[in-house]
Amino acid sequence: FHAQKASSGSGNNTLAIKFSVPKESRRFSFNIAGPNHGDYNNVLFHFNPRQRQKGGHLVINDKQEGTWGQGINVPLSQIPVIFGQISCTLILQITGDCFDVFIGDKHCARLDHRTSLPRENCSLHFQVPSTDDYGSLENWIVYRVWWGRKDLKAGDLEGVAGVNQYSSVHPKKLFISG
């Protein structure tokens, strides 16, 4: 992965996952981490639909030094049905500013980068945990994973969960005193 190339549209920027989730599954998740993830104590992007928690919602988040950030919660009623379907396709696009999440053709969520992406050319790590943080099994089937370059899909951002939230990385701070 090369962040500058992905940001300019010339490098790999898209992860596509074809999967299915049994109707009785409670939840599943995957993580994207950088090269210094420390046994996944540092996660750049976390995707976690929870069917039976709080009426059903999708949580997207990050993790820094073992601590989860402030998650973005999207009611499952606002995204395409994924539990109990024969198969679904999730597209995750990485830009210079954020991760954009698409299920089918629907732009479901955006997570601004909360940690700077690695500047050097490096590998990103795709983790599919078999259990959650409490040891409960996660039940889903991954059929295919593709990594490459695609034109950015994000268009109209109105109504996209996570847009314009104050959580972006701000590498420089400006202090003004009078």
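Residues numbered from 1 in each chain as written. Predicted model: local features only at pLDDT ≥ 70, side-chain atom pairs only at ≥ 80, totals over all residues. Heavy atoms only, no water.

1. Let's talk about the sheet that holds strand β8 (residues 98-103)
For step 1, the next point in the chain: If you walk across this open sheet you meet the five strands as β9-β8-β7-β1-β11, and the pairing is antiparallel. If you trace the sheet from one side to the other, it starts and ends with β9 (106-112) and β11 (141-148), each paired once. Taking each pair of neighbouring strands and ignoring which way they run, the sheet shows an average axis angle of 15 degrees. (Pairing = 2+ DSSP bridges. Helix = DSSP H or I, 4+ residues; strand = E, 2+ residues; numbered from the N terminus. Axes fitted to C-alpha atoms, helices over the stretch in contact; angles between N-to-C directions.)

2. Side note on the environment of lysine 153
For step 1, the next point in the chain: Secondary-structure assignment places lysine 153 in the segment after β11.
For step 2, the next point in the chain: Residues lysine 153 and valine 101 lie 52 residues apart in sequence; the distance between their C-alpha atoms is 9.7 Å.

3. With respect to the packing of aromatic side chains
For step 1, the next point in the chain: In this structure the tally under the stated criterion is ten aromatic pairs.
For step 2, the next point in the chain: Aromatic pair phenylalanine 30 and phenylalanine 45: ring centres 6.0 Å apart, planes at 45 degrees, arrangement tilted. Of this pair, phenylalanine 30 sits in strand β2 (residues 30-33) while phenylalanine 45 is found in strand β3 (residues 43-50), placing the two residues 15 residues apart along the sequence. For the pair formed by phenylalanine 30 and phenylalanine 45, the shared burial category is buried.
For step 3, the next point in the chain: Judged by centre distance (5.0 Å) and plane angle (40 degrees), the rings of phenylalanine 45 and phenylalanine 99 are tilted. With phenylalanine 45 in strand β3 and phenylalanine 99 in strand β8, this pair connects stretches of sequence that are 54 residues apart.
For step 4, the next point in the chain: Taking the relative accessible area as the measure of exposure, phenylalanine 45 reaches 0% and is therefore buried. (Phe/Tyr/Trp six-rings, centres within 6.5 Å; stacked < 30°, edge-to-face > 60°. Buried < 20%, exposed > 50% of the residue type's maximum accessible area, 1.4 Å probe, protein only.)

4. A look at the environment of phenylalanine 102
For step 1, the next point in the chain: Topologically, phenylalanine 102 is positioned in strand β8.
For step 2, the next point in the chain: A relative accessible area of 2% means that phenylalanine 102 is categorised as buried.
For step 3, the next point in the chain: Separated by 86 residues in sequence, phenylalanine 102 and alanine 16 place their C-alpha atoms 9.4 Å apart.
For step 4, the next point in the chain: Leave out the neighbours within four places in its chain, and phenylalanine 102 touches Thr89, Leu90, Ile91, Gln93, His107, Cys108, Lys153 and Ala154. (Contact = heavy atoms within 4.5 Å.)

5. Observations concerning the pattern of salt bridges
For step 1, the next point in the chain: One pass over the full model with this rule turns up six salt bridges.
For step 2, the next point in the chain: A salt bridge links glutamate 138 to arginine 27; the shortest N-O distance between them is 2.9 Å. Here arginine 27 lies in the loop between β1 (14-20) and β2 and glutamate 138 lies in the loop between β10 (125-127) and β11, a separation of 111 residues in the sequence.
For step 3, the next point in the chain: Taking relative accessible area as the criterion, arginine 27 reaches 17% and is therefore assigned buried.
For step 4, the next point in the chain: In this structure, the salt-bridge partner of aspartate 100 is arginine 110, at a minimum N-O distance of 2.7 Å. Here arginine 110 lies in strand β9 and aspartate 100 lies in strand β8, a separation of ten residues in the sequence. In terms of burial, aspartate 100 and arginine 110 fall into one category: buried. (Salt bridge = Lys/Arg side-chain N within 4 Å of Asp/Glu carboxyl O.)

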